[in-house]
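Overview (structure and organization)
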Amino acid sequence: MDLDALAGCLSSSACLVTQTTSGLIIGMLLFLVAVGLTLIFGVLKVVNFSHGAFYMFGAYFAMTAYQLTGSFALAMLVGAAGTAILGLIFERVFMSRVYGADVLMQLLVCYAFVLIFDDVVRIIWGPEFKSMGMPSAFQVMPLFIAGGVVPPYYLLLIGVALVAAIVLGIGLSRSRIGKVIRAAAHNPGMVSALGINTGLIYGGVFALGGMLAGLAGALAAPVRSLTPGMGFSVLIESFIVTVIGGMGSILGALIGALLLGLIRSFGSLGFPLFTEGLMYLFMVIVLVSKPTGLFGREAA
Amino acid sequence: MTDLEAGRTERLLPVRGGVALQRYRDVLIALVAFVVLASLPLFTGSKALLDFVIRCSAYGLFATSLNLLVGYTGLTSFGHGMFFGLGAYGFGLIMQKLAVPIPVAFIATLTITAVVAAVIGAICVRLKEIYFAFVTLAFQMLIHSTILSWASFTGGDQGLRGGIPRPAFLGIDLSNHVHLYVTSCALLVLGLLAMRQIAQSPFGYTLRMIRDNAARASFLGIDVWRAKLTVFVLAALFAAMGGMVMALFVSGAYPEFAYWTISGEGIFINMLGGVSTFLGPMVGTVLFLLLNDTVTRFTEYHGIVLGVVILFFALGLRKGLLDFVAEWAARRRETGEGR
């Protein structure tokens, strides 16, 4: 425990800015993964235990596209689109068979795919750590805000995630397709009776969730190292996010992810050995005081 | 819904006098099983076979204890492996640091496990299915990351090295391979017998009722939370026993023992053997270890093979092996009685 370091950081604006931005990028990446998880759960009523694999594939797709074309924008696009297609296939061929089945079955099918996907990555890209490297467009002088160092790429990452959050939030509440999705979450039988193809909606939601996780992976690729199995810790953390924020709530996922990101970045100063423990502790406190999560509805 | 529920094909509570009879039968089967297993070294000198049985004991205790939660109570725990890891580490650490006789370390580890399981269980068992599964998983990851980061105490990612001291106790010398083998078999048989008694006791039937209809059980005056917590702690104890057998076998403890894949394997073993019978997980354990050993011999990518086998069972058969046997027996009994 190193409370002096924590107090020292809290009293210096430079350190405060640095830690807050690093907390924000952790939080924003977590948000993109968690919001897909919560969306899929909200509509399909299954927890996609293999969601971390989409994050992993997004990162690897982006790295390969960047190495082949040298274009950062294209890399992001390939990362997101590739995982969307993967999500669609995965949902239509496998997950659609276990809707309404025992939780055990759903977990087993996803567990099987966690094993398979990790090995597929190992076969295609190799078992060693890989890194995509920072694109040259972002290899510029970092910004100095109130004495703190902020790499410009961090701002892009936070911006993209915020745009995704706003588009999702407005899209789900205002647009026609958003209303259909919410209706399908509420009563799929009635929606299909109205002549809407619910299978298509389910596939689309799964693809959207996979795409968001893939986008998170692609955005993370320049700043994190890539390894088979990298998706699993992200999955656990984003699940903690959804538990804290409340399953099925987009705002909850955003708040939960940001809180967790800040806990991680400041916790690593004050409690270097217990950073992960702090997240769990926070989750337990939320669960005990409000079992449905901060923004969850009753009997979700 | 799939019928992944233990005891579906059994008849209801045996009539008066039948309970005692069934208990004698179970004890008799356990005795015979132990004698057969323990006399194995007399017929074969194969160290590989004995090692295989020891590993089956460790995994079998773990998988069967998971079935108490999954099959009997309907609690899908995805973090049950944490108690396996806790048992291995607790036992190894006590033996290394305190140098007490083995039975003392055994009891002390069980006590620690009970306390930890009671705390985690008190938080988890209120939660509904998928939340329960993931929050138990989250606790598993917490324990795993604690083991990794507390390197000065647990050895970090290297695991507990330097071997676990195994002083002889009452003439039983666990550093002797045959002694270790017989002890593992004894622990397995005793553990299974104890779990069988739990499953067939009135408390066991309470658990089945909670699984089938928790609201009704609550109306009847059963404290559902307490019953679930009790079985959570009991199952944790047997899982820790499995972990201790594993720690004795490899003479150490490794972070993989507490990793989530152990829990995943446990769930898969239950699926493989079937959760509708008491011995299903045991059959699943033997199948799983055979499968695992065969696959790792031929390819380094055993995840893919294992994944495909899991998919085949989960999507294709939708049942475990002993489930089919139990159903077949039930059908035979029905037609037999109908005549």
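What counts, and where the lines are drawn
- Residues numbered from 1 in each chain as written.
- Chains lettered and ligands numbered in written order.
- Predicted model: local features only at pLDDT ≥ 70, side-chain atom pairs only at ≥ 80, totals over all residues.
- Heavy atoms only, no water.
- UniProt positions renumbered as here; feature names shortened; annotations may be inferred.
- Helix = DSSP H or I, 4+ residues; strand = E, 2+ residues; numbered from the N terminus.
- Salt bridge = Lys/Arg side-chain N within 4 Å of Asp/Glu carboxyl O.
- Buried < 20%, exposed > 50% of the residue type's maximum accessible area, 1.4 Å probe, protein only.
- Contact = heavy atoms within 4.5 Å.
- Buried area = accessible area lost by both parts, 1.4 Å probe.
- Polar contact = N/O pair within 3.5 Å; in protein donor to acceptor, adjacent residues only side chain to side chain.

Residues and elements named next belong to chain A. The UniProt feature table records "transmembrane region" (unreviewed entry) at residues 24-44, 49-66, 72-91, 103-125, 153-173, 194-219, 239-262 and 269-288. Helix makes up 100% of residues 72-91 and strand 0%, with an end-to-end C-alpha separation of 29 Å. Secondary structure within residues 194-219 divides into 85% helix and 0% strand; the distance between the first and last C-alpha atoms comes to 39 Å.

Residues and elements named next belong to chain B. In the structure shown here, the tally under the stated rule is nine salt bridges over all chains. For D293, the salt bridge is made with R55, and the minimal N-O distance between the two is 3.0 Å. On the criterion of sequence distance, the pair formed by D293 in helix α13 (residues 280-298) and R55 in helix α3 (residues 47-73) is long-range, its members being 238 residues apart. Across the pair D223 and R226 runs a salt bridge whose closest N-O atoms are separated by 3.8 Å. Judged by relative accessible area, D223 falls into the partly exposed class, the value being 39%. Three or more residues joined by partner-sharing salt bridges are found here, namely R25, D26 and R196.

Many descriptions give the size of an interface as the accessible area lost when the pieces come together. Opposite the 42 residues of chain B that make contact, chain A presents 38 residues. Taken together, both faces of the contact between chain B and chain A bury some 3,900 Å²; the carbon and sulfur share is 83%. One can count two residue pairs in polar contact (both at pLDDT 80 or more) joining chain B with chain A. Breaking the side of chain B that touches chain A down by element, the ones donating at least two residues are α6 (129-149), α12 (260-273) and α14 (302-317) of chain B.

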